[in-house]
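Notes for the structure review
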Amino acid sequence: MWWQKEIQLSAKVRGFHLVTEEILKQLPELSLIKVGLANIFIQHTSASLTINENADYTVREDFESFFNQAVPENEPYYKHDYEGSDDMPAHLKSSLLGASLTIPITKGRLNLGTWQGIYLCEHRNHGGKRRLIITLQGEPSR
């Protein structure tokens, strides 16, 4: 059994945002799968997805601090700067973190660890709403 749908995440400020619940609210089909996989793909080149700590917000703050130091703005060697100083660094950060996640489904739920959550990594100062394509595949519940 396969499902595929596009969902939209609300606009977020620059940073790392826990979006697990926002995704699950738009994914009632998940409950129909006994065992399978969910692929979550972001259709943007200046934001990314990752899985990490879901309890302590300072982890998300530290992620933002680290990536801002690792990939700084206003580097003289950047040629792609048409959309502002955060544009090229956003593309680099997105490539480092990735555009998709694959998560196991067990008994109609994402089988994440106790302290794991899905992050939207917003790398632009004004990124806007973000589109995700979610593909579910698996054995249906009976």
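Notes on the structure in this doc start here.

Thresholds, definitions, all that
Residues numbered from 1 in each chain as written. Predicted model: local features only at pLDDT ≥ 70, side-chain atom pairs only at ≥ 80, totals over all residues. Heavy atoms only, no water. Pairing = 2+ DSSP bridges. Helix = DSSP H or I, 4+ residues; strand = E, 2+ residues; numbered from the N terminus. Axes fitted to C-alpha atoms, helices over the stretch in contact; angles between N-to-C directions. Contact = heavy atoms within 4.5 Å. Buried < 20%, exposed > 50% of the residue type's maximum accessible area, 1.4 Å probe, protein only. Polar contact = N/O pair within 3.5 Å; in protein donor to acceptor, adjacent residues only side chain to side chain. Core = buried A, V, L, I, M, F, W, Y, C linked by side-chain atoms within 4.5 Å. Salt bridge = Lys/Arg side-chain N within 4 Å of Asp/Glu carboxyl O.

Once that is clear, we can look at the sheet that holds strand 2 (residues 15-18). Backbone hydrogen bonds are what pair the strands of a sheet, in a parallel or an antiparallel way. The strand order across the open sheet formed by three strands is 2-7-4, and the pairing between neighbours is antiparallel. Each edge of the sheet is formed by a strand with only one pairing partner; in this case those strands are strand 2 and strand 4 (47-53). The sheet shows a mean angle of 35° between the axes of neighbouring strands, direction not considered. On the sheet, helix 2 (residues 57-70) packs against strand 2, strand 4 and strand 7 (116-122) and is oriented at approximately 150° with respect to strand 2.

The next thing to look at is unusual backbone geometry. Even without glycine at this site, Asn74 takes up a positive phi of about 60°. Structurally, Asn74 is set in the loop between helix 2 and helix 3 (87-97). Judged by relative accessible area, Asn74 falls into the exposed class, the value being 61%. Within the chain, Lys107 stands out as a residue other than glycine whose phi angle is a positive 55°. Topologically, Lys107 is positioned in the loop between strand 5 (100-106) and strand 6 (109-110).

All right, on to the sheet that holds strand 3 (residues 33-42) then. Pairing is antiparallel across the open sheet formed by five strands, whose spatial order is 1-8-3-5-6. Two strands in the sheet have a free side with no partner beyond their single neighbour: strand 1 (2-9) and strand 6. Across nine bridges, strand 3 lies against strand 8 (residues 130-140) in antiparallel orientation. The partner of Leu37 across the bridge, within strand 8, is Gln137.

Okay, the environment of Tyr78 next. Among the secondary structure elements, Tyr78 is positioned in the loop between helix 2 and helix 3. Tyr78 sits 13 residues away from Ser65 along the chain, and the two C-alpha atoms are 20 Å apart. Contact partners of Tyr78, with chain neighbours within four places excluded, come to Val71, Pro72, Glu73, Met88, Pro89 and Leu92. Polar contacts involving the side chain of Tyr78 include one to the main-chain carbonyl oxygen of Pro72, which spans 2.9 Å.

On to the side chain of Arg124. Secondary-structure assignment places Arg124 in the loop between strand 7 and strand 8. For Arg124, the side chain forms a polar contact with the side chain of Asp87, separated by 3.2 Å.

To continue, consider the nonpolar core. One finds Ile23, Ile118, Leu132, Ile134 and Leu136 to be the most contacted residues of the largest nonpolar core, which totals 21 residues. Elements with a minimum of two residues in this core: strand 1, strand 3, strand 4, strand 5, strand 7 and strand 8. In terms of residues, this core owes the most to one element, strand 3, which gives four residues. Apart from the residues lying within four places of it in its own chain, the contact partners of Leu132 are Lys5, Glu6, Ile7, Leu9, Ile23, Ile40, Phe41, Ile42 and Leu49. Counting five residues, the second largest nonpolar core, distinct from the first, contains Phe16, Phe67, Tyr119 and Cys121.

This part takes up the pattern of salt bridges. Throughout the structure, instances matching the rule amount to 10 salt bridges. A salt bridge links Glu64 to Arg14, with the nearest nitrogen and oxygen atoms 3.2 Å apart. Taken together, the residues span a long stretch of sequence, with Glu64 in helix 2 and Arg14 in the loop between strand 1 and strand 2 at a distance of 50 residues. Beyond isolated ion pairs, a larger network of salt bridges with shared partners links Glu83, Asp86, Asp87 and Arg124.

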